[in-house]
Amino acid sequence: EHGIDPRLLSNNAVRVVRILQNEGYDAFIVGGAVRDLLLGLKPKDFDVATNATPEQVKRLFKRAFLIGRRFQIVHVMFGQDLIEVTTFRGASDKPAIKDESGRLLRDNNFGTQSEDAARRDFTINAMYYNPANQVLLDYHGGIKDLRSKTLRVIGNPEQRYREDPVRMLRIVRFAAKLGFSIDKTTGAPIAALAPLMNNVPSARLFDEMLKLLMSGHSMSCLKELRARGLHQGLLPLLDVALEQPEAAHFIELSLEKTDQRIRQNKRISPGFLFATLLWTQVEEKWAEYRAKGEHPIPALVAASSDVLDVQTEKLAIQRRIATDMRDIWLLQPRLERRTGKSPYRLLENERFRAAYDFMLIRCEAGELEAELGQWWTEFIDASGDRRQEMIDTQMKRAPAGSQAKKRSRRSGHRHRKKSSAKTASETQDIIEKTE
Ligand code: ATP
Ligand code: MG
């Protein structure tokens with residue numbers, strides 16, 4: 001009756017369930033995977049729930065790792081493939097450890113399967129599937145809600161958001177991704193409880209935001225976040241950006257591109273994504289620094305740092321990702337230099353591809369001449385002779401201008417060395433690195 005297509009199952013998830021069941025434990029495929037299977041979608045990951053404790057699970061698999069504090073889970077690895085195994089959570093006899101706003105800090109009380117179902121977030125996420133006999137267990141009317149395309153919190157919505165405010169973000173993501181509507185009672189307390197997001201550790205917020213932006217429906221997610229008052233403080237600079245029509249256009253364009261890539265199963269790097277989201281802010285600050293007489297490159301370096309600093313306070317952007325963002329930004333002016341050896345050197349840069357893709361969005365947004373994008377697109381695949389010809393044409397086109405630029409750059413550099421030597425050497429480091 002449920003119509004789950006066994007061909008969409010992950011062999012590894014089925015294997016984990018079978019091994020647990022052979023040892024006499026209960027085990028099921030659970031959560032988002034069951035939801036997606038029922039919708040006929042291929043799940044992107046598989047979770048398994050069992051009555052075996054994390055230690056008991058770990059012992060049964062060669063490559064199994066205990067993970068997490070708030071929820072202890074086991075990661076079972078098969079090559080690159082990861083199956084998350086969780087032990088049924090219980091309604092505890094000891095009160096769980098919460099902070100003053102009601103947020104659960106630790107929750108490792110094990111329980112029965114029906115207790116486990118009640119602790120899950122939404123009805124459509126609380127179904128269990130046993131691949132051995134193909135039976136589906138639906139504790140909270142998930143099938144009904146799935147058919148009527150409704151997102152409904154299990155239990156008292158306000159209490160569930162207080163326990164874990166991230167559930168409010170999850171609702172928005174699932175609504176946008178699945179095209180479901182949010183049940184009235186479920187949606188009602190969100191606006192008033194939105195400030196609870198401030199209590200969530202910034203690393204967890206970052207993970208959730210990333211999932212949201214990479215859901216393949218990022219623009220509708222952001223719109224829904226804004227409509228429900230949940231966006232404030234998540235991407236502080238984005239709040240401002242979306243108010244300005246020009247910036248909003250650029251952001252919309254880049255999110256559309258991201259969504260397209262995700263839906264075609266292409267890779268998206270988080271650095272690229274956040275670089276586009278915050279670019280208009282960088283540009284604004286860049287212009288400010290230049291207006292104060294700073295040379296373009298150090299001005300861009302300073303603008304990038306300002307933006308990353310403000311952003312990182314709220315939403316911890318991992319250092320690796322921040323580095324990617326900075327590199328993409330700092331390579332932008334270099335893409336406009338099409339003379340001498342510069343284009344060849346840029347091609348060798350390991351971030352060239354990202355910077356080039358980024359520039360194409362700027363061209364499409366009307367920020368740069370379309371011709372620049374076309375030039376690079378041709379240059380990438382051109383033969384050696386043709387490349388040289390293309391560069392020569394550029395040299396002929398604006399020889400005087402580029403000379404003048406060169407001179408002013410030199411004198412600007414000398415001037416700056418006196419006034420802010422540290423910034424200059426930092427800049428040099430970064431330029432060398434990107435070079
Ligand atoms: P997807 O993997 O497509 O993002 P998912 O529903 O599988 O969606 P996961 O984060 O993988 O999301 O979580 C697996 C399951 O764990 C969920 O389906 C839900 O039952 C439960 N769960 C996850 N996060 C929470 C939460 N914050 N509160 C309650 N239950 C949760
Ligand atoms: Mg999942």
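For every chain, the first residue of the written sequence is number 1, and numbering continues from 1 onward in sequence order. Whichever chain is written first becomes A and whichever ligand is written first becomes 1, with later ones labelled in order. Owing to the predicted nature of the model, reporting of local features is limited to residues with pLDDT of at least 70; listing and counting of side-chain atom pairs is limited to 80 or more, with chain, interface and lining totals taken over all residues. Excluded from the side-chain calculation are hydrogens and water; included are all heavy atoms of the structure.

**Student:** Can you walk me through the overall build of the protein chain in this structure?
**Tutor:** Secondary structure is summarised from DSSP: a helix means a run of H or I of at least four residues, a strand means a run of E of at least two, and numbering begins at the N terminus for each. A count of helices and strands for the protein chain gives 22 helices and 11 strands. Remark: exposure states derive from per-residue accessible area (1.4 Å probe, protein chains only) relative to the maximum for the residue type, with buried under 20%, exposed over 50%, and partly exposed in between. Taken across its 435 residues, the protein chain has 49% of its residues classed as buried. Look at the contacts in the protein chain between residues 6 or more apart in sequence, and 65% of them connect residues 24 or more apart. Contact between two residues is taken to exist if any of their heavy atoms lie within 4.5 Å; hydrogens are not considered.

**Student:** Any chance you could explain a positive patch on the surface here in plain terms?
**Tutor:** A cluster of basic side chains, namely R261, K266, R267 and R353, defines a positive patch on the protein surface. Looking at the element boundaries, R353 is found in helix 18 (residues 352-364). R353 gets classed as partly exposed once you look at its relative accessible area, which sits at 49%. Like charges are joined within 9 Å and nonpolar side chains (Val, Leu, Ile, Met, Phe, Trp, Tyr) within 5 Å, but only among residues with over 30% relative accessible area and no salt bridge; these make up the patches. All accessibility values rest on the Shrake-Rupley procedure with a 1.4 Å probe; residue burial counts only the protein chains present in the view. Salt bridges are defined as contacts in which a side-chain nitrogen from Lys or Arg sits within 4 Å of a carboxyl oxygen from Asp or Glu. Charge counting follows a simple rule: Lys and Arg are positive, Asp and Glu are negative, and His as well as the terminal groups are ignored. A single reference atom marks each charge: NZ on Lys, CZ on Arg, CG on Asp, CD on Glu.

**Student:** Explain helix 16 (residues 319-335) here, please?
**Tutor:** Each α-helix winds once per 3.6 residues, and so residues spaced three or four apart point in a common direction. For helix 16, with 17 residues, the first-to-last C-alpha span of 25 Å sits near the 24 Å given by 1.5 Å per residue. Most of helix 16 is tucked away, with 13 of its 17 residues classed as buried. One fewer than the residue count of a helix, multiplied by 1.5 Å, yields its expected span.

**Student:** So what exactly am I meant to see when it comes to the nonpolar core here?
**Tutor:** Nonpolar side chains tend toward joint burial in soluble globular proteins. In plain words, nonpolar cores are sets of buried Ala, Val, Leu, Ile, Met, Phe, Trp, Tyr and Cys residues tied together by side-chain atoms within 4.5 Å. Ranked by internal contacts, the top residues of the largest apolar core, which has 96 residues, are V16, I29, V85, L225, M325 and W329. With 17 residues, the next largest nonpolar core counts L368, L372, W376 and M390 among its residues.

**Student:** Just checking my understanding: could you explain helix 7 (residues 166-178) for this structure?
**Tutor:** Taking 1.5 Å per residue, 13 residues should reach 18 Å; helix 7 reaches 18 Å between its end C-alpha atoms and fits that length. Counting buried positions over the 13 residues of helix 7 gives 12, a clear majority of the element. All buried positions along helix 7 are accounted for by V166, R167, M168, L169, R170, I171, V172, R173, F174, A175, A176 and L178. G179 lies just past helix 7 and shows a positive phi near 70°.

**Student:** Help me understand the site of ligand 1, please; the structure alone is not making it clear to me.
**Tutor:** When at least one non-hydrogen atom of a residue lies within 4 Å of a molecule or strand, that residue is treated as near it. Around ligand 1, a shell composed of 18 residues is seen, among which R35, N125, D164, R167 and R173 lie nearest. In protein, a polar contact requires one atom able to donate a hydrogen and another able to accept it; more generally it is a pair of N or O atoms within 3.5 Å, and residues adjacent in sequence count only if both atoms are side-chain atoms. Taking D45, its side chain carries an N or O atom lying 3.4 Å from an oxygen atom of ligand 1. Considered on its own, ligand 1 offers 580 Å² of accessible surface; in the complex 86% of this is hidden by protein. For the shell around ligand 1, the elements supplying multiple residues, two or more each, are helix 2 (32-38), helix 7 and helix 10 (202-213). Of all the elements, helix 7 adds the most residues to the shell around ligand 1, at 5 residues. Think of it as three bins: nonpolar holds Ala, Val, Leu, Ile, Met, Phe, Trp, Tyr, Cys and Pro, charged holds Asp, Glu, Lys and Arg, and polar takes everything else, Gly as well. Taken together, the residues that form the shell around ligand 1 break down as 1 nonpolar, 3 polar and 14 charged.

**Student:** For this particular structure, what's the right way to read the sheet that holds strand 2 (residues 46-50)?
**Tutor:** In a beta sheet, neighbouring strands are held together by backbone hydrogen bonds and run either parallel or antiparallel to one another. Note: two strands are recorded as paired if DSSP finds a minimum of 2 bridges between them. Across the sheet, 7 strands lie side by side as 3-4-5-2-1-8-9; this open sheet has mixed pairing. Two strands close off the open sheet at either side, each with one partner strand: strand 3 (64-67) and strand 9 (135-138). Between one strand axis and the next, the sheet turns through 30° on average, direction left out of account. Here strand 4 (residues 73-78) runs beside strand 5 (residues 81-87); their pairing, made up of 6 bridges, is antiparallel. Following the sheet pairing, H75 is matched in strand 5 by E84. Angles here are taken between N-to-C directions and fall from 0 to 180 degrees, while the axes themselves are lines fitted to C-alpha atoms, restricted in helices to the stretch in contact.

**Student:** I tried to follow the packing of helix 7 against helix 11 (residues 218-227) on my own but got confused; where do I start?
**Tutor:** Working note: a packed helix pair is described by the angle between its axes plus the distance between those axes. Look at helix 7 against helix 11: their axes get within 9 Å of each other, and the N-to-C directions meet at 135°. In terms of orientation, helix 7 lies oblique with respect to helix 11. Seen along the crossing, helix 7 lies across helix 11 with a hand that is right-handed. Where helix 7 abuts helix 11, its residues L169, V172, R173 and A176 lie against S220, C221, E224 and L225. When its residues are assigned to classes, the contact of helix 7 with helix 11 shows 5 nonpolar, 1 polar and 2 charged. Between 65 and 115 degrees an angle is taken as roughly perpendicular, under 35 as roughly parallel, over 145 as roughly antiparallel, and anywhere else as oblique. By convention the crossing between two helices is left-handed if the near helix lies anticlockwise of the far one by an angle smaller than a right angle, and right-handed if it lies clockwise.

**Student:** For this particular structure, what's the right way to read the pairing of strand 8 (residues 127-130)?
**Tutor:** Look at any regular strand and the pattern is simple: side chains alternate between the two faces of the sheet. Here strand 8 shows a buried face lined by M127 and Y129 and a second buried face lined by Y128 and N130. Examined bridge by bridge, strand 1 (residues 27-30) and strand 8 share 2 bridges and lie antiparallel to one another. The residue of strand 8 that forms the bridge with V30 is Y128. Between the antiparallel neighbours strand 8 and strand 9 lie 4 residues, among them Q134 with a positive phi of about 60°.

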